[in-house]
Amino acid sequence: MKILTTQIGGLLQRAASNNEETVEETARLLAQATIGEGRVIFVGFDEMEAVGVNALFAAEPFRGAVRYEEGMEIHSADRVWLFARSATDTRALELARMLAEKFIPFAVVASEKATEDNDLADLAYTYMAIGVMKGILPGEDLGSRIVQPHLLAALFLYEAVKMAYDEMVNEED
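Residues numbered from 1 in each chain as written. Predicted model: local features only at pLDDT ≥ 70, side-chain atom pairs only at ≥ 80, totals over all residues. Heavy atoms only, no water.

A. How the structure looks around the nonpolar core. Ranked by internal contacts, the top residues of the largest apolar core, which has 31 residues, are Phe-42, Phe-62, Trp-81, Phe-83, Val-109 and Tyr-165. If you list the elements that add at least two residues to this core, you get α1 (2–18), α2 (20–35), β1 (40–44), α3 (49–57), β3 (79–83), β4 (106–110) and α6 (150–172). The element that contributes the greatest number of residues to this core is α6, accounting for nine residues. Filtering out sequence-adjacent residues up to four positions away, Val-109 remains in contact with Trp-81, Leu-82, Phe-83, Ala-84, Met-128, Ile-130, Ala-154 and Leu-157. By size, the runner-up hydrophobic cluster in this structure holds 23 residues, among which are Ile-41, Val-80, Leu-99 and Val-108. (Core = buried A, V, L, I, M, F, W, Y, C linked by side-chain atoms within 4.5 Å. Buried < 20%, exposed > 50% of the residue type's maximum accessible area, 1.4 Å probe, protein only. Helix = DSSP H or I, 4+ residues; strand = E, 2+ residues; numbered from the N terminus. Contact = heavy atoms within 4.5 Å.)

Rendered as structure tokens:
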């Protein structure tokens, strides 16, 4: 338990320091929808769908949030926040390309850093890397790694953005 706590603490510290500016930029992007006539559409793939569930049903819901549904109409006033385990997720890339073609700004949270080879980061208005590339603990088998807390790190960044977002939209009331 102590090793897990140490590793998770380190993961969250890195996620915070590597995304400090992007948290504010993402909050500003999403606040544009809420202050205007738009919605904040949460899209999560695989376990990352839980971030959108949290946004809607948490004790403190995300104001203006709606859950993405396949085929839903997305308007220019809307902002999309996309969560994927990997920046190479084909579903995430397909949606990102469609949003980019329609000039709808969107934010992304995924594992990989924003590099020249990261198409998802290139398409996104803001991009946050959670930094979970493999398990964070050594496994029983020699060289194996276990515990991949993609969702935990994504929820951490979600909460950081939500704090800044709430401050921005509450100023407009």
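Once the structure has been displayed, the description carries forward.
B. Region of the structure containing the packing of aromatic side chains. Summed over all chains, the structure comprises nine aromatic pairs. Centroid distance Phe-62 to Trp-81: 6.3 Å. Interplanar angle 55 degrees. Geometry classified as tilted. Taken together, the positions of Phe-62 in the loop between α3 and β2 (65–67) and Trp-81 in strand β3 put the pair 19 residues apart, joining distant regions of the chain. Here Phe-62 and Trp-81 have matching classes, each one buried. Look at Trp-81 and Tyr-158: their rings are 6.0 Å apart centre to centre, the planes differ by 25 degrees, and that puts the pair in the stacked class. Pair noted here: Trp-81 is in strand β3 and Tyr-158 is in helix α6, with a separation of 77 residues, a long-range link. The exposure class of Trp-81 is buried, given its relative accessible area of 0%. Taken together, the ring pairs in this structure connect Phe-42, Phe-62, Trp-81, Phe-83, Tyr-158 and Tyr-165 into an aromatic cluster. (Phe/Tyr/Trp six-rings, centres within 6.5 Å; stacked < 30°, edge-to-face > 60°.)

C. Quick look at the packing of α2 against α6. Two numbers describe how α2 lies on α6: the axes approach to 8 Å, and their chain directions differ by 40 degrees. In terms of axis orientation, α2 runs oblique to α6. Note that α2 runs across α6; the crossing there is right-handed. Each of Val-23, Glu-24, Thr-26, Ala-27, Arg-28, Leu-30, Ala-31, Thr-34 and Ile-35 in α2 lies in contact with α6, whose residues at this interface are Ala-160, Val-161, Ala-164, Tyr-165, Met-168, Val-169 and Glu-172. (Axes fitted to C-alpha atoms, helices over the stretch in contact; angles between N-to-C directions. Parallel < 35°, antiparallel > 145°, perpendicular 65-115°, else oblique. Left-handed = near helix turned anticlockwise from the far one by under 90°.)

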